[in-house]
Amino acid sequence: MDKCMVIDKAIKRIANDYDLTIDIVMKAIEGSRCPLDFDRMVEEGSFCFRGPDDESKADNASICLASKILANKGVQECILPIICNRIKAWDHENIEDLLSLLRQVVSIMELNPEDHPLLETCGLDIDHLPSENIIQYMRPACKIWAMDKKGMCLIGSDANEMIHIDDIPRT
């Protein structure tokens, strides 16, 4: 199995999954204050080298390696602000886009939960997500975290549910 192929696939996987360029991922890796030891990382993840052929084995191994790369604190310090800035610049068009960005941030933060107990650790104020104006008298008993231009709202205790403003029960 070609270790370089696994590393390349892991970097491409991160770029694709988080809508980053390969150059940004490489800069995050190379600029990390916590250097990555790819030889050790690939060796530790050797149990991921499963599959019927070399291509499948490399794909499976790249999943493990991508997670290990994203768990690196220095890589997180580079990538999290990029995604958080996308959240802050959300265009209010589609609440699904905002939810997807929030899920990306959380998926990275969950790799080191002791470093990121709250979203605020990456510069986001969850109580002030970008949103269309939600008229005060329209606020129901449940928390509306954000609303898009079509009236779709992000609700739920973890800001992970969507519902149209007209479908939220009033109390």
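Refer to the preceding data block for the structure.
Criteria and thresholds
- Residues numbered from 1 in each chain as written.
- Predicted model: local features only at pLDDT ≥ 70, side-chain atom pairs only at ≥ 80, totals over all residues.
- Heavy atoms only, no water.
- 1 Å grid on protein atoms, 1.4 Å probe; cavity = no way out; pocket = protein on both sides within 12 Å on 5 of 7 lines; lining within 4 Å.
- Points joined across faces, edges and corners; volume = space filled by probe spheres on them.
- Helix = DSSP H or I, 4+ residues; strand = E, 2+ residues; numbered from the N terminus.
- Nonpolar A, V, L, I, M, F, W, Y, C, P; charged D, E, K, R; others polar.
- Expected span 1.5 Å × (residues − 1).
- Buried < 20%, exposed > 50% of the residue type's maximum accessible area, 1.4 Å probe, protein only.
- Contact = heavy atoms within 4.5 Å.
- Polar contact = N/O pair within 3.5 Å; in protein donor to acceptor, adjacent residues only side chain to side chain.

(A) Geometry of empty space enclosed by the protein. Enumeration over the complete set of coordinates arrives at 1 cavity of 30 Å³ or more. Val6, Met41, Val42, Gly45, Phe49, Ala61, Cys64, Leu65 and Lys68 are the residues that line the largest cavity. Those elements that place two or more of their residues in the lining of the largest cavity are helix H3 (38–44) and helix H4 (54–71). Here the element with the most residues in the lining of the largest cavity is H4; it accounts for 4 residues. Partitioning the lining of the largest cavity into residue classes produces 7 nonpolar, 1 polar and 1 charged.

(B) Geometry of helix H5 (residues 73–88). Under the 1.5 Å per step criterion, the end-to-end length of H5 is 22 Å for 16 residues, consistent within 8% with the ideal 22 Å. Within H5, burial applies to Gly74, Val75, Gln76, Ile79, Leu80, Ile83, Cys84 and Ile87. In this structure, the buried residues of H5 make contact with helix H1 (3–17), helix H2 (22–30), H4 and helix H6 (95–109). Put simply, Asn72 is the residue that caps the front of H5, since its side-chain oxygen is 2.9 Å from the backbone nitrogen of Gly74.

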